Amino acid sequence: MAVIHRTTLKPTKLELLTAWLPTRPWYRGGAAGPTLAKAGGFRLDDPQGEVGIEFMVVTETSGPQQAAYLLPLTYRGAPLDGAEHALVGTMEHGVLGRRWAYDGRHDPVLVARLTALIEGRAQAQDQNTSDVPDREVVASFTGDGPLSSDSDWDWDPDFTVTDDQEGTALTAPHGTTLRLQRVLRPAPDDRPLPPQGAIGHVTGPWQLPDGTRARGLFAVLLTGSRR
């Protein structure tokens, strides 16, 4: 299980994200840059114990409209080969030393563990406390599974990552598409519904700027050409 250290980070995660977020095609804020607040999220464990995996939800109200974003991040003790374009920034961790923070859509460890979560082979973990499951993060899988193993998601030259104005689609060579919902939408009555053709999904809660809680889709798994 990942250990959550109570220590300092310089710069902080929010400071890194404040500079990085406006470079994303799905960013909804203004040119002046965002004012961010942490609003929720969860963690996943790396079975090898090497990579920190966090799905952070942040909200910002500095743009023309309020927005909430899902930011999957990985934290590593050394640079990830071939992922310079996915680097969010580096931080000095009070216990672990220098950490390289990456946009998790480009990190095969995060992608593999998220797939395992959807298929019921992994458990979401509390964002702030060691060795505590997060029961509010709910995964569902309706395919004939398991659809994949972690090794199926090892990085491959044919693996494609596509951003649009709502999220990110990650398509593996075997045709499976994992879609991350970057701009979060509160579901009516807190009952998120996956799109037609989905064989798996993840839902979770976050806190809105007014202090109320919302729930929505975080990720969807599709097969073949259905994206």
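Caption draft 1: Expanded view of the pairing of strand β3 (residues 52–60). With nine of nine residues buried, β3 is to be regarded as a mostly interior element. Burial along β3 is two-sided: G52, E54, M56, V58 and E60 and I53, F55, V57 and T59, pointing in opposite directions, are all buried. In the sheet, strand β2 (residues 36–44) pairs with β3 via eight bridges, with the strands oriented antiparallel. By the bridge assignment for β3, R43 is matched with E54. Both β3 and strand β4 (residues 67–76) contribute to a ladder of nine bridges, which runs antiparallel. Opposite M56, over in β4, you have L71 as the bridge partner.

Caption draft 2: Geometry of the pattern of salt bridges. For the structure shown, the criterion picks out twelve salt bridges. In this structure, the salt-bridge partner of E166 is R28, at a minimum N-O distance of 2.6 Å. Taken together, the positions of E166 in the loop between β8 (160–163) and β9 (167–171) and R28 in the loop between α1 (13–20) and β2 put the pair 138 residues apart, joining distant regions of the chain. We note a salt bridge from E54 to R43, for which the minimum N-O separation is 3.8 Å. In this pair, E54 sits in strand β3 while R43 sits in strand β2, placing the two residues eleven residues apart along the sequence. As far as the burial class goes, E54 and R43 line up, both buried.

Caption draft 3: Summary view of the nonpolar core. F42, F55, L114, L117, V202 and F218 are the most contacted members of the largest nonpolar core, which totals 31 residues. Mapped by element, the contributors of at least two residues to this core are β2, β3, β4, α2 (108–118), β10 (177–181), β11 (200–207) and β12 (213–222). What F218 contacts, discounting residues up to four positions off in sequence, is F42, V57, L70, R179, L180, Q181, L184, V202, T203, G204, P205 and W206. Y27, M56, M91 and V183 belong to the second largest nonpolar core, which has 18 residues in total.

Rules of the game
Residues numbered from 1 in each chain as written. Predicted model: local features only at pLDDT ≥ 70, side-chain atom pairs only at ≥ 80, totals over all residues. Heavy atoms only, no water. Buried < 20%, exposed > 50% of the residue type's maximum accessible area, 1.4 Å probe, protein only. Helix = DSSP H or I, 4+ residues; strand = E, 2+ residues; numbered from the N terminus. Pairing = 2+ DSSP bridges. Salt bridge = Lys/Arg side-chain N within 4 Å of Asp/Glu carboxyl O. Core = buried A, V, L, I, M, F, W, Y, C linked by side-chain atoms within 4.5 Å. Contact = heavy atoms within 4.5 Å.

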